[in-house]
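Structural overview
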Amino acid sequence: NVAVMVVQCDGERDLDRLLNDPRRNSVILGPGGGVGLNMRALIMAALASQAAVVLDADALSSFAEHPGRLFAAIKSRLAPVVLTPHEGEFACLFNPISEKIDVNSKLEKARLAAHESGAIVLLKGPDTVVTAPNGQAAISDNAPPTLATAGSGDVLAGIIGGLLAQHMPGFAAAAAGAWLHAEAAKGFGPGLISEDLPEALPGVLRRLLERAPAAN
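The following paragraphs examine the structure supplied in this document. (Residues numbered from 1 in each chain as written. Predicted model: local features only at pLDDT ≥ 70, side-chain atom pairs only at ≥ 80, totals over all residues. Heavy atoms only, no water.)

1. Remarks on the packing of aromatic side chains
The line we're drawing: In summary, the pairing rule links any two rings of Phe, Tyr or Trp, Trp by its six-membered ring, whose centres are within 6.5 Å, and it sorts them by plane angle into stacked for under 30 degrees, edge-to-face for over 60 and tilted for everything else. The way it works is that DSSP assigns letters per residue, a run of H or I at least four long becomes a helix, a run of E at least two long becomes a strand, and they are numbered from the N terminus. The buried label applies to any residue whose accessible area, calculated with a 1.4 Å probe on protein chains only, is under 20% of its type's maximum; exposed applies above 50%, and partly exposed to all values in between.
As enumerated under the stated definition, the model contains two aromatic pairs in all. With centroids separated by 5.3 Å and ring planes inclined at 10 degrees, the aromatic side chains of Phe-71 and Phe-94 adopt a geometry described as stacked. One end of the pair, Phe-71, is in helix H4 (residues 67–75); the other, Phe-94, is in the loop between helix H5 (87–93) and helix H6 (95–98), and 23 residues separate them in sequence. Each of the two residues, Phe-71 as well as Phe-94, counts as buried. Ring centres of Phe-90 and Phe-94 lie 4.9 Å apart, and the angle between their planes is 35 degrees; on these two criteria the pair is classed as tilted. Neither residue differs from the other here; Phe-90 and Phe-94 are each classed as buried. By the ring-pair criterion, three or more aromatic residues cluster together here, those being Phe-71, Phe-90 and Phe-94.

2. Overview of the side chain of Ser-49
The condition is simple: Counting of polar contacts relies on pairs of N or O atoms within 3.5 Å, with two restrictions inside protein: one atom must be capable of donating a hydrogen and the other of accepting it, and residues adjacent in sequence are counted only when both atoms are side-chain atoms. Here a residue-residue contact requires only that any non-hydrogen atoms of the pair lie within 4.5 Å.
Summarising the element assignment, Ser-49 is placed in the loop between helix H2 (37–47) and strand E2 (52–55). What makes Ser-49 buried here is its relative accessible area of 11%. Only 2.6 Å separates the side chain of Ser-49 from the backbone oxygen of Ala-46, close enough to count as a polar contact. Each residue touching Ser-49, except ones within four places of it in the same chain, is listed here: Leu-19 and Arg-77.

3. Focus: helix H1 (residues 12–19)
Here is the rule we go by: What the arc covers is the set of directions going from the helix axis to the C-beta atoms.
Three or more residues of H1 are buried, namely Asp-14, Leu-15, Leu-18 and Leu-19. All buried residues of H1 fall inside an arc of 130 degrees around its axis, so they share one side. On its buried face, H1 is in contact with strand E1 (26–29) and H2.

4. Looking at the packing of H1 against H2
Put simply, the test is: Helix axes use the C-alpha atoms of the stretch in contact, all axes being lines fitted to C-alpha atoms, and the angles between their N-to-C directions lie in the range 0 to 180 degrees. Here the word oblique covers every angle except those under 35 degrees (roughly parallel), over 145 (roughly antiparallel) and from 65 to 115 (roughly perpendicular). Take the far helix as the reference: if the near one is turned anticlockwise from it by less than a right angle, the crossing is left-handed, and if turned clockwise, right-handed. Note that Gly is not counted as nonpolar here; it falls among the polar residues with everything else outside the nonpolar set of Ala, Val, Leu, Ile, Met, Phe, Trp, Tyr, Cys and Pro and the charged set of Asp, Glu, Lys and Arg.
Closest axis-to-axis distance for the H1/H2 pair is 9 Å, and the angle between their directions is 20 degrees. By the criterion of interaxial angle, the relationship of H1 to H2 is roughly parallel. The crossing of H1 and H2 is right-handed. Touching Glu-12, Leu-15 and Leu-19 of H1 are Ala-41, Leu-42, Ala-45 and Ala-46, all from H2. Taken together, the residues of the contact of H1 with H2 sort by class into six nonpolar, no polar and one charged.

Geometric descriptors of this kind do not, in isolation, establish any biological role.
So, in structure tokens, the structure goes:
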């Protein structure tokens, strides 16, 4: 069973009002949201708030022609921002970095992107790379091929947003989210669709808790 609580949000003014409530401390924008002016306005409203922000999919594509504006807004805030591009979205948002002939690794590209944007950058793939503006990095190589299915990246953004809502630091939330996302897919096995991932996640968390040392 899925419990969904819905609040109407019609544009950036409504989003600004919603995020004025400190209980709403994490927001994810991009999946299925459309590319263009309306999405950019929502993103700027979110970045003007105190909430942690995850930007994925259409949110990234909406700033392909205006990356400097996005990066300036990210650098002006204290709360974490996580960008979760796949290789194609990365090339659009960080075109100068993608075209550098002297950048020889995915890790180096992601580190340069985090430094330029001021955000935590999670560059998706079989070896997902997570980098922070201070150079901190992690590589998650546990993703099975079954994760190459429509909507799985949206679920990843949701997992990271949920960890941020629990006050996990931005880099840790992105790195842990990537690992949990892949482990959920591995635990489910063949025939995976994106809707299966949230159902598989409790099993991953249960196994982690079973292995954790008992508290004194």
